[in-house]
Amino acid sequence: MDRSLATLLTACSLLVTAGFAQSSGEKTFSQYCASCHGADGSGLLGPNLTDAEVLHGSELADIESVVKNGIPSKAMPAWGSVLDDNQIRDVAQYVQSIMGTNRIGPSQLGKSTVTPFPEGTLGQPYLIRTFMPTLGLSDETFPHHGKGAPTPHYNPRDASFDNDKLDPTIPGIPGAIAVNFGDTLSYCFDTTECRLLYTWSGPFLDMTDYWGEGEGGQRKRFGYLPKVLGPLVFQASAAPIFEGAPRFQAYRKENGVPVFEYTVGQRTITLKVEPTDTPGEARCTYSSSPATELSIPLPDSSSYTLSCDQGSLAAGTLQLSAEEAATFTLTLTPTPAAR
Amino acid sequence: MKKAATLALFGLLSQAPFLSAGSYEIEAIEVPPYVVPEVGGLGFTPDGELVVALRRHGILMAKPSENPSAFPWRAFSTDSLHNSCGIQVISRNEVIVSQMAELTRVLDTDHDGIADRYENIAAPWGVSGNYHETNTLVPDEQGGWYVSVGTASHNGPTFAHTRGAFATNGRTGRNYAAVPWKGWILHLDAAGNSTPIASGFRMANGIARDPQGRLFATDNQGDWKGTSPLYHVEEGKFYGHPSSLVWDEAFMENVSNDPLQYYIDDFEQYQQDRTRAAVELPHGFMCNSPSEPLFDTTGGAFGPFAGQALIGDIAGDRILRCMIEEVDGVLQGAVVKFIDGGLGAGNNRLAFSPDGKSLYVGQTVRGWAKNLAEGLKRVIYTGELPFEVQNISLEKDGFTLTFTKPISSASSYQLANYAAKSYWYKSFHAYGSPQMDLQELEIPKIQVDGNTLFIQVPQLQADRIVELNLPADLQAADGTPLGQSQICYTIRKLRK
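Residues numbered from 1 in each chain as written. Chains lettered and ligands numbered in written order. Predicted model: local features only at pLDDT ≥ 70, side-chain atom pairs only at ≥ 80, totals over all residues. Heavy atoms only, no water.

So, on to the overall build of chain A. Helix and strand content of chain A: 7 helices and 20 strands. Sorting the 339 residues of chain A into buried and exposed places 50% on the buried side. The long-range share in chain A, meaning contacts at least 24 apart out of those at least 6 apart in sequence, stands at 60%. (Helix = DSSP H or I, 4+ residues; strand = E, 2+ residues; numbered from the N terminus. Buried < 20%, exposed > 50% of the residue type's maximum accessible area, 1.4 Å probe, protein only. Contact = heavy atoms within 4.5 Å.)

As structure tokens, this is what we get:
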């Protein structure tokens, strides 16, 4: 099933469920719960919630408690630190409203739900470590990479080299991390340069060239590079925010949202990229220690604008004092043309 | 990681499924519908949960149930790690994973069952952008690891921007080492400090330590690998695939800055410089793509082969068994089929259940097989002793075979039903090798005494494989038919 059909079916099932008006509980469900319990609640990673009874108690208070506190032994997260009490009540009511509808989920059908179009949601962003395309980023964006070069084609049959036929290089990023929050926001972070390389909105990735069609398995393409499906918003320019030798340390998850930890020279940096209510907009919160003054050139881009919660603008650059640079948030907003 | 054509041919030649009668049963384990079970790593937590690292998903855990369709699966991590092909399970809150770009510590810091921290322990090897460069690991039992770093394949490209330095002379060849430490086994200490241990690997997709702590690795038949080997890995040695030597500074300075061409030009020097396999796994009928060796540490719970190495075959519906001994200071030995049929292909990773009675088999054949065999199986020992060759030892003029049960003398004395031949495989730049200098060997005498059988073979030579074919109708004294009658012994050293 291709992605547009899958999306259409999901959309249809949601419409059938709720008419055209989505309740607050249903909205929360689709944002935070659907990635595990299925868009229609019939279960994926998490159990089917459309049976007459659910596993940990069917009373409203039982469901609220499960949502709020989680079931650690079953890997059900505790949403109490993410959702407020009203949202928890609404989503619990929504779960009660679909209980007893006895929808058949993929577990019962014994059918794989795997596709080459992985997706996350706002509540459960999806993270994949993979090769990624450079999408026209300039060579200067990759100063801490080795320089690949075309090499004479080797013929293993007779162990000869053909100096007239060169094996070319292709434009990929070897140590990338791609993250998707649903159609609202996707981005590509590089663990070699330790910086955000690009963002986009709309559909995430087509992994067919790497994973094969459908449930996959068959090698499809020479290059194994996924296709970025949505329109780009932000693309890194040559100069990084922090100058120095980068080393990737870790990422942690804060309520499912990745926070990257790395060093650049002597500085320890963290970066958290989050979506906002504006599709395609990325809120990038940096911390640096020890902090020093920063000068960030304003973009000369038709696809996005940059704003910051701190600092001052001067001569086409954003100036942050050492104090301001300790923690600051850059917001990358798509221009109307890029939405 | 073989050609589809080879597999198709192999399928035609393969025999009907055989299981050592009644001794081992195979079950398919059902996995959740949200994953493709391309298994890159298998292990158990100290409290008995099975841990499965997937090559295009995250990490699943489940306490095995008797019903193979009712495992209570949970996702420890849903992050899709990049071709996780090696794991060490520390606990239900901590799993070490070797992925393409990094050795990663995956942690559940708040103990809610879901991983929330992914630390870069070390990334001493480069990444060229070629799909073939998967890595696998074995713990050193001192907080560190040995990591086998796979080479790239000429069936895929490299990137304009590589992780790590790019070497033009490493990029050439059929399988190649364009960026650091491809084709090496590295040691990483607990802090992530890296030391190169041994070079010359093509695709050592299996690394293990035996109960004595000695390091072993399998490698895959292809260029510079006439047939697939099981190596005893020792520090400082070169195991035969030249491209990796681009990252050996001493070799580049003192010998040649083009190791591939150097050994293409001088085969005699190559034969002197390389270290040979402890056990060669003949291509075509024994194994086409070996994966992880697993030493039987179950102390008999999994049957009568304690201490021996089991090896999965990615390209074949098979698990092999290696019997290793020390002769004149080197480790060498024989391979025999263990499970032959009933599993499917893709047998990539092996792990014993905590009680030792089951062997879990993680499968993956991404890319090559016509009929994909991804999945998870288990092989259960029923407790019924099979009749098999339990061990083999080289003698000056033949082999002594020890069986799991007393041999029926009535079925064993037809000398004409025994056959032995010898051959060798040529490792050089071309892909694989035919059987070279095939000779039928004379068997003047056999001698049976209880569980043991002596087969006299006077014309033994070093650096050759001796293939023994026992009578097909050989039986145990209690009437059990012999399971596997074909044994291939790799002679590195003759018995003095």
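Now that the structure has been shown, the text picks up again.
For the rest of this paragraph, the subject is helix α4 (residues 85-98) of chain A. What sets the pattern is the α-helix's 3.6 residues per turn: residues three or four places apart point alike. Residues and elements named next belong to chain A. For α4, spanning 14 residues, the distance from its first C-alpha to its last is 20 Å, which sits close to the expected 20 Å at 1.5 Å a residue. The complete set of buried residues in α4 reads I88, V91, A92, Y94, V95 and I98. Seen end-on, α4 carries its buried residues on one side only, within an arc spanning 155 degrees. Exposed positions of α4 whose direction lies more than 90 degrees from the buried face are D85 and N86. For α4, the N-terminal capping position is held by D84, with its side-chain oxygen 3.1 Å away from the main-chain nitrogen of N86. Just beyond α4, the residue with positive phi is G100, at close to 90 degrees. (Expected span 1.5 Å × (residues − 1). Arc of directions from axis to C-beta. Polar contact = N/O pair within 3.5 Å; in protein donor to acceptor, adjacent residues only side chain to side chain.)

Moving on: the side chain of B:Q486. All names here are of chain B. Its location among the elements puts Q486 in strand β36 (residues 486-491). We classify Q486 as buried; its relative accessible area is 16%. Not counting residues within four places of it along the chain, the set of residues in contact with Q486 comprises F285, M286, V335, V336, K337, E467, L468 and N469.

To continue, consider the nonpolar core. Residues A:M132, A:Y198, A:L205, A:Y262, A:C284, A:Y286 and B:I59 are the most contacted members of the largest nonpolar core, which totals 75 residues. Among residues more than four places away in sequence, those in contact with A:L205 are A:P116, A:F117, A:P118, A:I128, A:M132, A:A178, A:W200, A:P226, A:K227, A:V228 and A:L229. Grouped together as the second largest cluster of nonpolar side chains are 31 residues, B:A334, B:L401, B:L482 and B:I487 included. (Core = buried A, V, L, I, M, F, W, Y, C linked by side-chain atoms within 4.5 Å.)

This brings us to the state of the cysteines. Summed over all chains, the structure comprises 0 disulfides over all chains. A:C308 takes part in no disulfide bond, and the closest cysteine sulfur, belonging to A:C284, lies 10 Å away. When its relative accessible area of 23% is taken as the criterion, A:C308 is described as partly exposed. You can see B:C322 has no disulfide; the closest cysteine sulfur is in B:C287, sitting 8.9 Å from it. (Disulfide = S-S within 2.5 Å.)

The figure often quoted for interface size is the accessible area lost as the parts come together. Residue and element names in this part refer to chain B. Each assigned domain of chain B is listed with its residue range as follows: domain 1 (3-381) and domain 2 (389-491). Relative placement of domain 1 and domain 2: their C-alpha centres are 29 Å apart. Listed by partner, the interface residues are 38 residues for domain 1 and 30 residues for domain 2. Taken together, the links from domain 1 to domain 2 amount to 1 salt bridge. The closest approach of N and O atoms between R276 and D463, which form a salt bridge, is 3.6 Å. Viewed at the interface, domain 2 and domain 1 are joined by 14 residue pairs in polar contact (both at pLDDT 80 or more). (Domains from an automatic or database assignment. Salt bridge = Lys/Arg side-chain N within 4 Å of Asp/Glu carboxyl O.)

A few words now on the interface of chain A and chain B. Each side of the interface is counted separately: chain A has 64 residues, and chain B has 63 residues. For the pair chain A and chain B, the summed buried area comes to about 5300 Å², and 56% of that belongs to carbon and sulfur atoms. In this assembly, chain A and chain B are joined by 4 salt bridges. The salt bridge partner of B:D79 is A:K253, with a shortest N-O separation of 2.8 Å. Summed over the shared surface of chain A and chain B, the number is 19 residue pairs in polar contact (both at pLDDT 80 or more). Looking at the side of chain A that touches chain B element by element, the count peaks at 7 residues for strand β12 (residues 246-254) of chain A. Looking at the side of chain A that touches chain B residue by residue, the classes come out as 30 nonpolar, 21 polar and 13 charged. (Buried area = accessible area lost by both parts, 1.4 Å probe. Nonpolar A, V, L, I, M, F, W, Y, C, P; charged D, E, K, R; others polar.)

Turning our eyes to something else, we now look at the pattern of salt bridges. By the definition in use, this model includes 31 salt bridges over all chains. Linking B:R74 and B:E49 is a salt bridge whose minimum nitrogen-to-oxygen distance equals 2.9 Å. Residue B:R74 is found in strand β5 (residues 74-77), and its partner B:E49 is found in the loop between β2 (39-44) and β3 (50-54); the two are separated by 25 residues along the sequence. With respect to burial, B:R74 and B:E49 carry one shared label: buried. Residues B:K225 and B:D219 are paired through a salt bridge, measuring 3.2 Å at the closest nitrogen-oxygen approach. Ionic contacts of the salt-bridge type, sharing partners, join the residues A:R252, A:E254, A:E261, A:K272, A:E274, A:R283, B:E94, B:R105, B:R117 and B:E119 into one network.

Residue and element names in this part refer to chain B. With respect to topology, 4 strands assemble into an open sheet ordered β29-β30-β34-β33, the strand pairing being antiparallel. Each end of this open sheet is capped by a strand with a single partner; those strands are β29 (389-395) and β33 (446-449). Mean inter-strand twist for the sheet, computed between neighbouring axes without regard to direction, equals 15 degrees. (Pairing = 2+ DSSP bridges. Axes fitted to C-alpha atoms, helices over the stretch in contact; angles between N-to-C directions.)

Here the focus is helix α2 (residues 24-37) of chain A. Residue and element names in this part refer to chain A. Considering bend angle alone, the principal kink of α2 is centred on Q31 and spans about 50 degrees. Along α2, the positions that sit buried rather than exposed are G25, E26, T28, F29, Y32, C33, A34, C36 and H37. Remark: G38 follows α2 within two positions and exhibits a positive phi of approximately 85 degrees. (Bend = angle between axes of the 7 residues up to and from the residue.)

It is worth spelling out the confidence of the model for chain A at this point. On average, residues of chain A score 87 in pLDDT, and 89% of them reach the 70 mark or higher. This stretch, residues 1-20 of chain A, has a pLDDT under 50; its non-local contacts, to residues over four places away or in other chains, come to 17 contacts. (pLDDT = per-residue confidence, 0-100.)

Residue and element names in this part refer to chain A. It is at 8 Å that the axes of α2 and α4 come closest, and there the two elements cross at 95 degrees. Our classification of the angle between α2 and α4 gives roughly perpendicular. Each of S24, G25, E26, T28, F29 and C33 in α2 lies in contact with α4, whose residues at this interface are Q87, D90, V91, Y94 and V95. Counted by class, the contact of α2 with α4 contains 5 nonpolar, 4 polar and 2 charged residues. (Parallel < 35°, antiparallel > 145°, perpendicular 65-115°, else oblique.)

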